Amino acid sequence: MTDYRVADVMTRQVIYLPAETTLDEAARVMKEADIGDVVVTDGANLAGVLTDRDIVVRAVAENADAASTTIGSITTREVVMIEQFCTAGEAASLMRERGIRRILVCDNERKLVGIVSLGDLAMQLDPTSALSEISEQSPTV
């Protein structure tokens, strides 16, 4: 895994949604794009990352109204980034240290160029592993 760069395994499709977007709209966008996360913006600034798990754990479990609750109210505000030429091993270590499953990927000017997930790393490390199979088949919201 350490021979691969983050740029080799990351997802280049990044979808941005404003913090005012409702949960039901965000879930629809994620389902249509077949992705498990979106980058949340507050004006021109990154506000955080919203994952399909955030929607389930933070919203559904708390009986939030999906039609009126905004993604900005449940978004994970900590933005963790890694440079695209770091190794996949460095990305895995950062995920382990921070207890997260996704990291935003930037270029050397800190411009967002992708997202790398635990599943992306697992599929590169061992495409036949159980985690890889789950990541590949796991439906998003």
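The name given to the protein in an unreviewed UniProt entry is Oxidoreductase, with Micromonospora qiuiae as the source organism.

Student: Could you give me a rundown of the nonpolar core, with the residues and numbers involved?
Tutor: Core analysis: the biggest nonpolar cluster contains 17 residues, and Leu17, Val38, Leu50, Ile55 and Ile71 have the highest contact counts within it. Apart from the residues lying within four places of it in its own chain, the contact partners of Leu17 are Ala26, Val29, Val38, Val39, Val40, Thr41 and Ile71. Counting 14 residues, the second-largest nonpolar core is a separate cluster that includes Val9, Met10, Ile82 and Leu121.

Student: Which residues make up the sheet that holds strand 6 (residues 112-117), and what values do they have?
Tutor: Pairing within the open sheet is mixed, and its three strands lie in the order 4-5-6. The sheet terminates laterally at strand 4 (81-83) and strand 6, the two strands that pair on one side only. Shown here is a sheet whose adjacent strand axes are inclined to one another by a mean of 35°, direction ignored. As judged from the three bridges shared by strand 4 and strand 5 (residues 102-106), these two strands associate in the parallel manner. Among the inter-strand pairings, Met81 is bridged to a residue of strand 5, identified as Leu104.

Student: Go over the layout of surface pockets, please, and point to the residues and values.
Tutor: Empty space among the atoms can be located by rolling a probe the size of a water molecule over them. If you add up the space inside the second largest pocket, you get close to 390 Å³. Together, 16 residues line the second largest pocket, and Thr51, Asp54, Thr76, Ile100 and Arg101 are the ones closest to its centre. Of all the secondary-structure elements, those providing two or more residues to the lining of the second largest pocket are strand 3 (45-51), helix 3 (52-60) and strand 5. Residue classes in the lining of the second largest pocket are distributed as seven nonpolar, three polar and six charged.

Student: I'd love a proper account of the sheet that holds strand 3, names of residues and values included.
Tutor: What the three strands build is an open sheet, ordered 1-2-3; its pairing is mixed. Of all the strands in the sheet, just strand 1 (16-18) and strand 3 have a single pairing partner and so form its edges. With direction set aside, neighbouring strand axes in the sheet form an average angle of 35°. Strand direction decides the pairing type here: strand 1 and strand 2 (residues 37-42), joined by three bridges, are parallel. Looking across to strand 2, one finds that Tyr16 is bridged to Val39. Together, strand 1, strand 2 and strand 3 form the strand contacts of helix 2 (residues 23-33), whose direction differs from that of strand 3 by roughly 75°.

Student: Go over helix 4 (residues 88-98), please, and point to the residues and values.
Tutor: Turning to helix 4, its buried residues are Ala88, Gly89, Ala91, Ala92, Leu94 and Met95. Positioned one or two residues after helix 4, Gly99 has a phi angle of 65°, which is positive.

Student: How would you sum up the environment of Leu17? Please name residues and give values.
Tutor: Examined against the element boundaries, Leu17 turns out to sit in strand 1. Residues Leu17 and Val40, 23 residues apart in the sequence, show an inter-C-alpha distance of 5.1 Å.

Reading the values: the criteria
Residues numbered from 1 in each chain as written. Predicted model: local features only at pLDDT ≥ 70, side-chain atom pairs only at ≥ 80, totals over all residues. Heavy atoms only, no water. Core = buried A, V, L, I, M, F, W, Y, C linked by side-chain atoms within 4.5 Å. Buried < 20%, exposed > 50% of the residue type's maximum accessible area, 1.4 Å probe, protein only. Contact = heavy atoms within 4.5 Å. Pairing = 2+ DSSP bridges. Helix = DSSP H or I, 4+ residues; strand = E, 2+ residues; numbered from the N terminus. Axes fitted to C-alpha atoms, helices over the stretch in contact; angles between N-to-C directions. 1 Å grid on protein atoms, 1.4 Å probe; cavity = no way out; pocket = protein on both sides within 12 Å on 5 of 7 lines; lining within 4 Å. Points joined across faces, edges and corners; volume = space filled by probe spheres on them. Nonpolar A, V, L, I, M, F, W, Y, C, P; charged D, E, K, R; others polar.

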